[in-house]
Structures are given as C-alpha cells and as structure tokens.
Amino acid sequence: MRAMSQPSLAGRRILLGVSGGIAAYKSAELVRLLRKAGAEVQVVLSDGGARFITPVTLQALSGHPVRQSLWDENAEAAMGHIELARWPDLIVVAPASANAMARLATGMTTDLLSTVCLASDRPLMLAPAMNRLMWAHPATQENAQRLRTRGVQLVGPAAGDQACGEVGDGRMVEPADLLTAIGDALGSGGALAGRRVVITAGPTREAIDPVRVLSNRSSGRMGFALAEAMARAGAAVTLVAGPVALDTPAGVERIDVESAADMSETASRAARDADIFVGCAAVADYRPAQARAQKIKKHDESLSLELERTEDILERLRGEQPALFMVGFAAETENLAENARGKLARKRLQMVAGNLVGDGRAFDREDNTLTLFTAEDAAELGSGTKRELAGRMVERIAEAYDASQSAGTADARR
Ligand code: CTP
C-alpha cells in the first residue's frame, strides 16, 4: 500500500543492486526517489543489469560512481567490496532476477553484487522481476522461501502485463511502492524518523604504560541496546564505542575509540549535525597524568600513580552546542534522585537516566532498573533487560525531543 506522505530517509544509506531484467529502467526512478527522500545511494550494477541500463544514468542520479566489477582496482582502492558491504543501512536488489535470487539463496558469489550481499550483515530486500513462468517455477519459489526464512524481505512481484507480452505475477513493484517498503524497513514511520543521533557507549581505557590501562566494568550493553532501538525507531545513529565485545547493531554507524580524549574528539565531531546526543559511556573521570613510554618494572614495593581529570564530554558538547538535546546517565551507589537531578542541572541536560550500581547491580549484566529524570518529572521505567529498557527509553526521548522542538518554535514566534 502506498503511504500518504513521503518517508524521510535523511542520512540513511542504501546500497542498490541492479540485476538483469527489463525492469532495470525502473531502478533509475527508484534512485531519484531515494535521493529526494534524503538517502545516500550507491549502486552495484550486475553485467546483466548493464545490458538494460547504463552506469552513466545511475551514476548521475545517485551522485556516486557505479560499482560493476569485483576486479576494478581503482574502485576497490576507493572503497573495497567488504567496506561497501558494511556501508549501507539496507541493501535493496531491484530488480532481482531469477538468476540473482538463485545466487543469493545458495550463497554463490559469482559477481560483485552476490559477493557484497554475502559479505554483509545488513538487512536485505529484494524486488523480484521476471517472466511469470520463471517466477512460478518451483526452483524460484524454493529460492524465494529459503530467502524469506533467512529474514530477507521480498517486495512483490506485482501482477499485470509483462514486457514479454504475457500477463501474470512477475512485474517489479513500482518505485514509489518500493520507496514506502524501504521507509518501513528503516523505521521511517518510527518515533525518531529523520533524526540524527550520536550516542557514546562502553568504558574508556586510559593508558598507564604501553601494556596497562585504567578502565571500568561497563560492558556497553545499555548503549548498544539504545543505539539499536533508536535505529529501529528511524534515527540515523552514530555509535561512538569504547572497547567492548559487542556486535554492531543493524543500521548503526559505529566508530571505535579507546581513551576519554579520543571519545571526546570523536563525539564532538560526530555531533556537529546531530539532533540528539546520548552520553551512555562510562567515561573515565581521571587518567594517568603521564602515560609511561616504557613498561613499568616492579622494582619498588609500592607504586603511586598521579591522575588528572579528563574532559567531561557532555559539558564540552553543551559549550559547543547550547541548543543540542542531550541525555546523560547517572550511575550512582546512593541518593539516586538527588544525584541524577544534580547532573541534570549541572550539565544542563534535557534528560538523565538514573540507575543504582554496586552490589552486583547494572554493570556487566543483561538487566537494569532505570528512572528518567527531566526538569519536570521523574518517570520509572522499571526493571527489565537492557533491550527492553532501551525500547521504553527511546519512546520517552522521542516525546521529550518533540516537546522541546515545539517549545522552541513557540519561543521563536514570541
Ligand atoms: N560523562 C562524560 N564525560 C566524562 C564523564 C562522564 O560525558 N568525562 C557523562 C557520562 O557519559 C554520563 C554522565 O556524564 O552520561 C554522568 O557521568 P558521571 O561521571 O557519573 O557524572 P559526574 O557529573 O562526573 O559525577 P560523579 O561525581 O558522580 O562522577
């Protein structure tokens, strides 16, 4: 069904695979619509696809060189195929020929498109297009079923007149309908659709010498769960992650950092065009005043380390962007409400998520208990897994962000 309004795909990255079929001409229109909706588009054109549409057309519309071969040294030097496979939020193959579907179903990598799909953990959407008998053939139906059970989303085919003169199932769905399906898959109708979010997560590591560090017990789970939930709600999410052993959530851009200073620089750069910033990382408050160039040997009975303060990332960002909507975390061992409210005011945040830590609570565990503090109220999110709490928290962030925007607009009108 066609959506009433255009989805917003601002900042979202779509890798469009165009395989061989007369419907390849429709992919030009799809690229145009995706760009208009704000998405960044890179096209991979198969040999078959290139017989129906020229790379020049797709390059002009997408604004990026079109990738055609695994063996193009110049293109590989600019962005290798593995990097290309990690680049998008969503891979769309439109049109998806019977041949392309067969290769994707069996994992045969015979060209750049099939290789990129196999090398990617990003969601995959196919818009099949072929003669009705090819679509109805048990071989294609089995491949379609196999792909579906693997989580691949098939959109269409639609029924109607075919280029070959026959009538039946096999037409590629119209680009506008595909745009709607892409918007839905990327959560463009979600509570944070079109918003750019930067979130820090995990611990930091501060070097003592080349082999030793000061760090903390943060696992990064809460921040990763939030990044995932915000992407699902339609936001373009950049996750600035300290050293953690977690997979990157689907559709999230991740930048790995190590020290508080790295995290601060990276977060500040990433947040320049952000709408919302969430500081979920357990950033070291102190670091060794001087990291030793050589490994410290155990000559002495005791050893003192002089520590100095690290920069507070939230305070830095508030200085740089007085109007940015910012959410912080308060991990406290006592007086939760008082301490969280103190942070809300001192760091001039719009929201603080408070939790009690210590005695085995919160850190390095799957579950947590959170309370959200704003200037107006305190909302208990209760207990649950960090993923459950992240889902609840994202709804509240979206509500508070929307309220802050309409308050801002009302202020501007006065
Ligand atoms: N934080 C930050 N930069 C730092 C330290 C903390 O941005 N160098 C952020 C955390 O990501 C979190 C919030 O600040 O969102 C709360 O961190 P915390 O260290 O507990 O707050 P402080 O105000 O430093 O208070 P405390 O004395 O409890 O450490």
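Not measured: the values here are computed from a predicted model.

Draft legend 1. The arrangement of the site of the ligand in detail. In the region of the ligand, 15 residues are neighbours, and Gly 279, Ala 281, Phe 329, Lys 343 and Lys 347 sit closest. Separating a nitrogen atom of the ligand from a backbone N or O atom of Ile 313 is a distance of 2.9 Å. For the ligand, an oxygen atom lies 3.1 Å from a polar atom in the backbone of Leu 314. Every element with two or more residues in the shell around the ligand is listed here: helix H13 (313-320), strand S16 (325-332) and helix H14 (336-346). Its residues assigned to classes, the shell around the ligand comprises six nonpolar, three polar and six charged.

Draft legend 2. Spotlight on the nonpolar core. Counting residues in each nonpolar core, the largest one holds 37 residues, and the members touching the most others are Ile 199, Leu 226, Met 230, Val 278, Phe 329 and Met 393. Where this core is concerned, the elements lending two or more residues are strand S8 (196-201), helix H11 (221-232), strand S11 (236-241), strand S13 (276-279), S16, strand S17 (351-356), strand S18 (367-373) and helix H15 (386-413). The contact partners of Leu 226, leaving out residues within four places of it in the chain, are Ile 199, Val 278, Phe 329, Ala 390, Met 393 and Val 394. Ranked by size, the runner-up nonpolar core spans 33 residues in total, among them Val 92, Ala 94, Leu 178 and Leu 186.

Draft legend 3. How the structure looks around helix H6 (residues 98-106). All of the buried residues along H6 are Ala 98, Ala 100, Met 101, Arg 103, Leu 104 and Ala 105. In this fold, the buried residues of H6 make contact with strand S3 (90-96), helix H7 (112-118), strand S4 (124-128), helix H8 (132-136), helix H9 (138-149) and strand S5 (153-154). Once H6 ends, the next one or two residues include Gly 107, with phi positive near 75°.

Draft legend 4. Spotlight on the packing of helix H12 (residues 260-270) against H13. Where H12 contacts H13, the axes come no closer than 10 Å and their chain directions differ by 30°. By the angle between their axes, H12 is roughly parallel relative to H13. In the crossing of H12 with H13, the sense of the turn from one axis to the other is right-handed. From H12, Ala 260, Met 263, Ser 264, Glu 265, Ala 267 and Ser 268 reach across to H13, where they touch Ile 313, Arg 316, Leu 317 and Glu 320.

Draft legend 5. How the structure looks around the side chain of Lys 26. Inspection of the secondary structure puts Lys 26 in helix H1 (residues 24-36). Excluding residues that lie within four positions of it along the chain, Lys 26 makes contacts with Arg 171, Met 172, Val 173, Glu 174 and Pro 175.

Draft legend 6. Representation of unusual backbone geometry within the structure. In this model, Ala 94 is joined to Pro 95 through a cis peptide bond whose omega is 0°. As for its position among the elements, Pro 95 is in strand S3. Omega for the bond connecting Gly 156 with Pro 157 falls within 30 degrees of zero, at 5°, which places this linkage in the cis form. When you line up the elements, Pro 157 lands in the loop between S5 and strand S6 (158-161). At Asn 335, a residue that is not glycine, the phi angle is positive and equals roughly 45°.

Draft legend 7. Spotlight on the sheet that holds strand S1 (residues 13-18). On the basis of which strands lie adjacent, the open sheet formed by five strands has the order S2-S1-S3-S4-S5 and parallel pairing. A single partner strand is all that each edge strand has here, and the edge strands are strand S2 (40-45) and S5. Packing of H1 onto the sheet brings it into contact with S1, S2 and S3, and relative to S1 it is tilted by some 175°.

Draft legend 8. Representation of a nonpolar patch on the surface within the structure. A grouping of Tyr 286, Leu 303, Leu 305 and Leu 307 is seen on the molecular surface, where their side chains present a nonpolar patch of about 370 Å² in accessible area. Looking at where Tyr 286 falls in the secondary structure, it is placed in strand S14 (residues 286-288).

Draft legend 9. The environment of Ser 188, seen in detail. Residue placement: Ser 188 occurs in the loop between helix H10 (175-185) and S8. Residues Ser 188 and Phe 52, spaced 136 residues apart in sequence, show a C-alpha to C-alpha distance of 31 Å. Once you skip the residues sitting within four places of it in the chain, Ser 188 turns out to touch Pro 7, Ser 8, Leu 9, Gly 183 and Ala 193.

Draft legend 10. A look at the sheet that holds strand S12 (residues 252-256). Across the sheet, which stays open at both edges, the eight strands sit in the order S12-S11-S8-S13-S16-S17-S18-S19 with mixed pairing between neighbours. With one partner strand each, in any of the chains shown, S12 and strand S19 (378-385) form the two edges of the open sheet. Strand-to-strand twist across the sheet, computed as the mean angle between neighbouring axes with direction ignored, equals 20°. Packing against the sheet, H12 makes contact with S8, S11, S12 and S13, and its axis sits at approximately 170° to S11. Its contacts with the sheet put H13 on S13 and S16, and the angle it makes with S16 is roughly 160°.

Draft legend 11. Examining the pattern of salt bridges more closely. Considering all chains together, one arrives at 21 salt bridges under this definition. For Arg 221, the salt bridge identified is with Glu 366, shortest N-O distance 3.5 Å. Placement of the pair is Arg 221 in helix H11 and Glu 366 in the loop between S17 and S18, with a sequence separation of 145 residues. On the accessibility criterion, Arg 221 (24% relative accessible area) is partly exposed. Connected via shared salt-bridge partners are Glu 265, Glu 311, Arg 316 and Glu 320.

Parameters at a glance
Each chain carries its own residue numbering, running from 1 in the written order of its sequence. Per-residue local features of the predicted model are confined to residues with pLDDT of at least 70, and side-chain atom pairs are confined, for both listing and counting, to 80 or more; whole-chain, interface and lining totals are unaffected and use all residues. To obtain the side-chain values, all non-hydrogen atoms of the structure were included, while hydrogens and water were left out. One heavy atom within 4 Å of a molecule or strand is enough for the residue carrying it to be called near that molecule or strand. As used in this structure description, the phrase polar contact means that two N or O atoms lie within 3.5 Å; if the pair is within protein, one of them must be able to donate a hydrogen and the other to accept it, and residues adjacent in sequence are counted only when both atoms belong to side chains. Helix numbering and strand numbering both begin at the N terminus, where a helix is a DSSP run of H or I of at least 4 residues and a strand a DSSP run of E of at least 2. The nonpolar class holds Ala, Val, Leu, Ile, Met, Phe, Trp, Tyr, Cys and Pro. Asp, Glu, Lys and Arg form the charged class, and all remaining residues, Gly among them, are polar. Take the buried residues of types Ala, Val, Leu, Ile, Met, Phe, Trp, Tyr and Cys, join any two whose side-chain atoms come within 4.5 Å, and each joined set is a nonpolar core. When a residue's accessible area, from a 1.4 Å probe over protein chains only, is under 20% of the maximum for its type it is buried; when over 50% it is exposed; and in between it is partly exposed. Note on definitions: a residue-residue contact is assigned when non-hydrogen atoms from the two residues lie within 4.5 Å. All axes here are fitted lines through C-alpha atoms, helices being fitted over the stretch that makes contact, and every angle between N-to-C directions spans 0 to 180 degrees. Roughly parallel refers to an angle under 35 degrees, roughly antiparallel to one over 145, roughly perpendicular to one between 65 and 115, and oblique to any angle outside these ranges. Take the far helix as your reference; a near helix turned counterclockwise from it by less than a right angle gives a left-handed crossing, and one turned clockwise gives a right-handed crossing. If DSSP finds at least two bridges between two strands, the strands pair. Patch definition: residues with relative accessible area over 30% and no salt bridge; like charges joined within 9 Å; nonpolar side chains (Val, Leu, Ile, Met, Phe, Trp, Tyr) joined within 5 Å. Throughout, the Shrake-Rupley method with a 1.4 Å probe supplies accessible areas, and for residues the shown protein chains are the sole cover considered. Salt bridge, as applied in this entry: a Lys or Arg side-chain nitrogen positioned within 4 Å of an Asp or Glu carboxyl oxygen.

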